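# Summary of structural features
One-letter residues, chain by chain:
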Amino acid sequence: MKQKSKKKRIKLLKFGRDFEPDERVILRDYLAIERTRLANERTLLSYIRSSLYLLLGAIAFFQLKEFINFKYLALTALVFSALFFIIGIYRFLLLKRSLKRVYYRSEEMIRNKD
């Protein structure tokens, strides 16, 4: 029973990885792909963080009832918040797809050489 729970934990830790290292792929290349994948995740999180900061700023500007002009600033912050969020997710998915393509293309090239 302990072995089953250990396998489940290992599966959960690998969440988000789309490819497994192959014996034929050089370790240096695999590590470079992993570094790029982690940098991609950090970039996504920074886009989300920026989007949330803009959202909080918009909410704060909406709370200021005395200044009518701040309502337009709040709407602008809301638009940019949504825009940052969408751009961040789009760029994350684009690079993730590109990494998969590069990794599998390098695997095919190695197989063709053999």
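Residues numbered from 1 in each chain as written. Predicted model: local features only at pLDDT ≥ 70, side-chain atom pairs only at ≥ 80, totals over all residues. Heavy atoms only, no water.

When you go through the protein residue by residue, the secondary structure sums to three helices and zero strands. Counting helices and strands in the order they occur from the N terminus, the protein gives α-α-α. Taking all 114 residues of the protein together, the buried fraction comes to 18%. Put simply, of all contacts in the protein between residues at least 6 apart along the chain, 67% involve residues at least 24 apart. Working note: accessible area of the protein is about 9,600 Å², and carbon and sulfur atoms make up 65% of it. (Helix = DSSP H or I, 4+ residues; strand = E, 2+ residues; numbered from the N terminus. Buried < 20%, exposed > 50% of the residue type's maximum accessible area, 1.4 Å probe, protein only. Contact = heavy atoms within 4.5 Å. Areas by Shrake-Rupley, 256 points an atom, 1.4 Å probe, with all protein chains shown as cover.)

This brings us to helix α2 (residues 27-63). Over its 37 residues, α2 runs 54 Å from end to end, which matches the ideal 54 Å to within 8%, given 1.5 Å per residue. The complete set of buried residues in α2 reads Tyr30, Ile33, Glu34, Arg37, Asn40, Leu44, Tyr47, Ser51 and Ala58. (Expected span 1.5 Å × (residues − 1).)

Now for the environment of Tyr72. Within the secondary structure, Tyr72 is located in helix α3 (residues 69-113). Judged by relative accessible area, Tyr72 falls into the exposed class, the value being 56%. Considered as a pair, Tyr72 and Ala58 are 14 residues apart in the sequence and their alpha carbons are 9.5 Å apart.

Let us now look at a nonpolar patch on the surface. The grouping of Leu52, Tyr53, Leu55, Leu56, Ile59, Phe62, Ile68, Tyr72, Leu75 and Leu78 at the surface amounts to a nonpolar patch, some 990 Å² of accessible area in total. Here Phe62 is to be found in helix α2. (Patch = residues over 30% accessible without salt bridge, like charges linked within 9 Å, V, L, I, M, F, W, Y side chains within 5 Å. Salt bridge = Lys/Arg side-chain N within 4 Å of Asp/Glu carboxyl O.)

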